[in-house]
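Analysis of the macromolecular model
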Amino acid sequence: MNHKIRELLSEEEVDNRIRQLGEQITKDYEGEEIFLVCTLKGASFFACELAKRIALPLTLDFIAVASYGDGTQSSGEVRMIKDLDESIEGKNVIVVEDIVDTGRTLSYLMEILKKRNPRTLKLCSLLDKPERRVVDIQADYTGFEVPDLFVVGYGLDYAQRYRNLPYIGVVESEG
Ligand code: 5GP
């Protein structure tokens, strides 16, 4: 089954914005080391591109949480699938996320990480859907605000497909 995908943010727009975010983070953390926490699977494309644009000593680790839901809606119940390999105690942690939607997944994850005593803990999300927020959470670094539409590409999936699109698109119809 194929879907019609309408482009929302071009490959060039996304790449340029990631470059800007990398430069901003490089400036904000000057003289420091960064521990980048990539949430699987959606943020992996973004995290790798962002890491390449941060000109500071950097470690990359992965974490996976899942929220139960019907595919396009999260239910609010979250569980840990894969934990980090390394301790974050005393480190400058930046959580890299694909999209903040209701905010439930992130608030669960940030609470867990906060308890592990990082030196600093910030959130960087490629996309933000502020209209959909249920939990009060705001990213420290945001790539783009998007409207309340189901988006795919650049790591984001629809039933595990379309992660490999180099741009951000909206699933319009099935055909
Ligand atoms: P939240 O807990 O903020 O509601 O949901 C966050 C997670 O839901 C994201 O990490 C992402 O995996 C998924 N999600 C939310 N909105 C979208 C969307 O528009 N497209 C895709 N592909 N996933 C989404």
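Structure's up top.
Here goes a summary of the coordinates provided. Computed from a predicted model, the values in this text were never measured in an experiment.

Points about the overall build of the protein
What the protein contains, in helices and strands, is 3 helices and 9 strands. In sequence order, the protein lays out its α and β elements as β-α-β-α-β-β-β-α-β-β-β-β. Seen along its three principal axes, the alpha-carbon backbone of the protein occupies a region of about 50 × 35 × 25 Å. Per-residue burial for the protein yields a buried fraction of 46% across its 175 residues.

Description of the packing of aromatic side chains
In this description, a pair of aromatic rings is defined by centroid distance and the angle of the planes. Enumeration over the complete set of coordinates arrives at 1 aromatic pair. Judged by centre distance (5.8 Å) and plane angle (70 degrees), the ring pair of Phe150 and Tyr158 falls under edge-to-face.

Here's the deal with a negative patch on the surface
Together, Glu7, Glu11, Glu12, Glu13 and Asp15 make up a negatively charged patch on the protein surface. For the negative patch, the element with the most residues is helix H1 (residues 11–28), which contributes 4 residues. Structurally, Glu7 can be placed in strand E1 (residues 3–9).

Let's talk about the nonpolar core
If you look at the biggest cluster of nonpolar residues, it comprises 30 residues, and the most contacted ones within it are Ile25, Leu50, Leu127 and Ile168. Elements that contribute at least two residues to this core include exactly H1, strand E2 (34–40), helix H2 (44–52), strand E5 (92–100), strand E6 (120–128), strand E7 (141–145) and strand E9 (168–174). Excluding residues that lie within four positions of it along the chain, Leu127 makes contacts with Leu9, Asp98, Ile99, Val100, Phe144, Val146, Val151, Leu156 and Ile168. Membership of the second largest hydrophobic core comes to 17 residues, among which are Val93, Leu109, Leu113 and Leu123.

Some points on the side chain of Thr39
Tracing the backbone through its elements, the reader meets Thr39 in strand E2. A polar contact of 3.2 Å, which involves the side chain of Thr39, links it to the backbone oxygen of Val96. For Thr39, the contacting residues outside a window of four places in its chain are Ser44, Ile63, Val95, Val96, Glu97, Asp98 and Leu109.

Structural notes on the site of the ligand
Taken together, 15 residues lie around the ligand, and Thr102, Gly103, Thr105, Val151 and Asp157 are the ones closest in. Contact distances for the ligand include 2.9 Å between an oxygen atom and a side-chain N or O atom of Asp98. A distance of 2.4 Å separates an oxygen atom of the ligand from a polar atom in the side chain of Thr105. Summarising the interface, the protein chains cover 87% of the accessible area of the ligand, which totals 500 Å² for the free molecule. Of all the secondary structure elements, the ones that give two or more residues to the shell around the ligand are E5 and helix H3 (104–114). The dominant element in the shell around the ligand, judged by the number of residues it contributes, is E5, at 3 residues.

Things to note about H2
Burial in H2 covers these residues: Ser44, Phe46, Ala47, Leu50 and Ala51. Each buried residue of H2 lies within a common arc of 155 degrees when the element is viewed along its axis, so the set occupies one face.

Cut-offs and rules
- Residues numbered from 1 in each chain as written.
- Predicted model: local features only at pLDDT ≥ 70, side-chain atom pairs only at ≥ 80, totals over all residues.
- Heavy atoms only, no water.
- Helix = DSSP H or I, 4+ residues; strand = E, 2+ residues; numbered from the N terminus.
- Buried < 20%, exposed > 50% of the residue type's maximum accessible area, 1.4 Å probe, protein only.
- Phe/Tyr/Trp six-rings, centres within 6.5 Å; stacked < 30°, edge-to-face > 60°.
- Patch = residues over 30% accessible without salt bridge, like charges linked within 9 Å, V, L, I, M, F, W, Y side chains within 5 Å.
- Areas by Shrake-Rupley, 256 points an atom, 1.4 Å probe, with all protein chains shown as cover.
- Salt bridge = Lys/Arg side-chain N within 4 Å of Asp/Glu carboxyl O.
- Lys, Arg positive; Asp, Glu negative; His and termini not counted.
- Charge placed at Lys NZ, Arg CZ, Asp CG, Glu CD.
- Core = buried A, V, L, I, M, F, W, Y, C linked by side-chain atoms within 4.5 Å.
- Contact = heavy atoms within 4.5 Å.
- Polar contact = N/O pair within 3.5 Å; in protein donor to acceptor, adjacent residues only side chain to side chain.
- Near = heavy atom within 4 Å.
- Arc of directions from axis to C-beta.

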